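Architecture at a glance
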There are 2 protein chains.
Amino acid sequence: MVFNDNYSSPDQLVAAVKETGPNLDIYRQLFDCILEQRLAPNTKLNEQDLAQVFGVSRTLIRQSLQRLAAEQVVVMHKNRGAYVAAPDFIVAQQILDARELIELAVVDLACGSLGAQEIEALKLMITLEQEALDQGDTGTALRRSGEFHLRLAQAAGNQPYVHMLRGLISQTSLIIAMYGQGGNTCARDEHNELIAALVVGDKSLSSSLMRHHLAHIRTGCDFNRRVNSGSLAMVLR
Amino acid sequence: MVFNDNYSSPDQLVAAVKETGPNLDIYRQLFDCILEQRLAPNTKLNEQDLAQVFGVSRTLIRQSLQRLAAEQVVVMHKNRGAYVAAPDFIVAQQILDARELIELAVVDLACGSLGAQEIEALKLMITLEQEALDQGDTGTALRRSGEFHLRLAQAAGNQPYVHMLRGLISQTSLIIAMYGQGGNTCARDEHNELIAALVVGDKSLSSSLMRHHLAHIRTGCDFNRRVNSGSLAMVLR
DNA sequence: AAAAACATTATTGTATACAATAATAGCTCA
DNA sequence: TGAGCTATTATTGTATACAATAATGTTTTT
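Quantities reported herein were computed from a predicted structural model and do not represent experimental measurements.

Helix and strand content of chain A: ten helices and three strands. For chain A, the sequential pattern of α-helices and β-strands runs α-α-β-α-α-β-β-α-α-α-α-α-α. Expressed as a percentage of its 237 residues, the buried residues of chain A come to 51%. Nonlocal contacts in chain A, meaning residues at least 24 apart in sequence, comprise 75% of its contacts between residues at least 6 apart. Accessible surface, chain A as shown: approximately 11,100 Å² in total, 50% of it carbon and sulfur.

Residues and elements named next belong to chain A. For chain A, mean pLDDT is 85; residues scoring 70 or higher make up 82% of the total. Of all the helices and strands in chain A, helix α1 (residues 10–18) carries the lowest mean pLDDT, 50, while helix α5 (residues 89–110) carries the highest, 98. Of the regions scoring below 50 in pLDDT, residues 1–8 engages in 14 contacts with residues more than four places distant in sequence or in other chains. Segment residues 17–23: pLDDT under 50, and 14 contacts once partners within four positions in sequence are set aside and those in other chains are kept.

All names here are of chain B. Pairing in this open sheet of three strands is antiparallel, and the strands run β1-β3-β2 from one edge to the other. Each having just a single partner strand, β1 (44–45) and β2 (74–77) make up the two edges of the open sheet. In terms of strand pairing, β2 meets strand β3 (residues 81–84) through four bridges, oriented antiparallel. When the bridges of β3 are listed, H77 appears paired with G81.

Around DNA strand D, 15 residues are found, and the nearest of them are A:S57, A:T59, B:R58, B:R62 and B:N79. Here the atoms of DNA strand D within 4 Å of the protein split so that 69% fall in sugar or phosphate, with bases taking the remainder. For DNA strand D, a sugar or linking oxygen lies 3.3 Å from a polar atom in the side chain of A:N79. For DNA strand D, a phosphate oxygen lies 3.5 Å from a polar atom in the side chain of A:R80. Sorting the residues of the surface near DNA strand D by element identifies α4 (58–70) of chain A together with α4 (58–70) of chain B as the ones contributing at least two each. Residues belonging to the surface near DNA strand D are distributed by class as follows: two nonpolar, six polar and seven charged.

In the neighbourhood of DNA strand C, 16 residues make up the surrounding shell, with A:R58, A:R62, B:S57, B:T59 and B:R80 lying closest. Backbone polar atom of A:E47 to a phosphate oxygen of DNA strand C: 3.4 Å apart, as the coordinates give it. B:S57 places a side-chain nitrogen or oxygen 2.9 Å from a phosphate oxygen of DNA strand C. In terms of residue class, the surface near DNA strand C is made up of three nonpolar, six polar and seven charged.

Under the defined criterion, the tally for this structure stands at 17 salt bridges over all chains. Note that B:R67 and B:E71 form a salt bridge whose closest N and O atoms lie 3.9 Å from each other. With relative accessibility at 24%, the residue B:R67 sits in the partly exposed group. Note on B:E71: relative accessible area 8%, which makes it buried. The salt bridge involving B:D97 is made with B:R218; its shortest N-O contact spans 2.5 Å. Separated by 121 residues along the polypeptide, B:D97 in helix α5 (residues 89–110) and B:R218 in helix α10 (residues 203–219) bring together distant segments of the chain. For B:R218, a relative accessible area of 22% puts it in the partly exposed group. Within this structure, A:D32, A:R143 and A:E147 form a network of salt bridges that share partners.

Rules and cut-offs
Residues numbered from 1 in each chain as written. Chains lettered and ligands numbered in written order. Predicted model: local features only at pLDDT ≥ 70, side-chain atom pairs only at ≥ 80, totals over all residues. Heavy atoms only, no water. Helix = DSSP H or I, 4+ residues; strand = E, 2+ residues; numbered from the N terminus. Buried < 20%, exposed > 50% of the residue type's maximum accessible area, 1.4 Å probe, protein only. Contact = heavy atoms within 4.5 Å. Areas by Shrake-Rupley, 256 points an atom, 1.4 Å probe, with all protein chains shown as cover. pLDDT = per-residue confidence, 0-100. Pairing = 2+ DSSP bridges. Near = heavy atom within 4 Å. Polar contact = N/O pair within 3.5 Å; in protein donor to acceptor, adjacent residues only side chain to side chain. Nonpolar A, V, L, I, M, F, W, Y, C, P; charged D, E, K, R; others polar. Salt bridge = Lys/Arg side-chain N within 4 Å of Asp/Glu carboxyl O.

Here's what the structure looks like:
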């Protein structure tokens, strides 16, 4: 049980979180903070500090933390609080394996059965993602990329797939945030190609593209990179 | 808490699983109530009433409801409260499809790689399940059957599979509670055969057995059966 | 000086109090 | 009568207060 107690001071926590606007709900703000590593892996998430930062009571903080814990983006220890998750190499592989399993099942369902409206929505997601990337907002880009995959699952029509994928995407985002090295700008083209193959109804091509797309996540990561907790939390503009 | 614990010895496991009565936590009690249909599908779960019934504050009730909602066993509507989920035919099929996907992946991992200790634990689960069935405690039997599958996933070693399966098993249990007709007493033999095939390392047999096992869930259900929603009063015994 | 026991503080866990929203009942008026 | 409006009640949503547990620091003892 590794408690990394390079616990950032409350001031760091405050600074890390204040970036985001007050209009988003707590869960989303916390999530984005984690994706952008303003809250680094293993960082302790003190409830009172967070409550003050967000200007709400601990009640809402706890709710958000519990939801994040359900998605395994944070880990909660009884009577010891919540910490930003830090999946190691092994677990990261398991997460990516699981995601591939689900995504391939989604592709199987969605192939050839996408409606015109859904296709439009998916293309819009791609545009939005690229937009964020162009502005250097990697956190938002990461989230929107996830939203693209999630929307695809919704179009496929299997409810549990959507639900499971939501959690897996969250964790994948965390993995990319931890180990990624920024060389993932090919994402838009890959998404576009995938959509094209799905629309045409080419099942084997679609599967292949999805497999490669997910493989690129793996190759875009350096799992040897030791992610130090706390120190990166100060990186903010 | 219920499924999450790693038991180091069979004795601890027995104690943990067998425990009954007022010491169980709220989540589990609520869950059991739902499985036994003392809380029927679509029943509104009034927080204050539940708090009084269980002798705790709404805080703990809300926590449990949120967890159940995360597992999609209850549905929450903003400002309108929580209701016992009632998956219709379509969604039920989707749930069972999703479960099959995960369980087959689990079998693939577990086949030939089970340790002696894990095998023992699994066999114990089977015994406990049968014990509950013999006593006519179908709710407990249902839950323990789920715990068997979950433990198998744990033995397989992929963390996300365990997590996803937990939710799917909960929902499957709900489906069986809603549509099942009690003809599922073959479960023990099926579980035993599965374990045998996994130990031997026969992959295709293991997969086949798992597929059939899950198929039996489907055939054991009558999806035309209209389930009438009950009230909270039934929890009061 | 080191270790153990105690006291103090900080943090999480739970209950209660208050606010906001939805549901309901009782009017008013056509 | 009944449709629509208002007042009342019930229920959920949020904040605060209190309790239990863990972390920390200090003293005592050897």
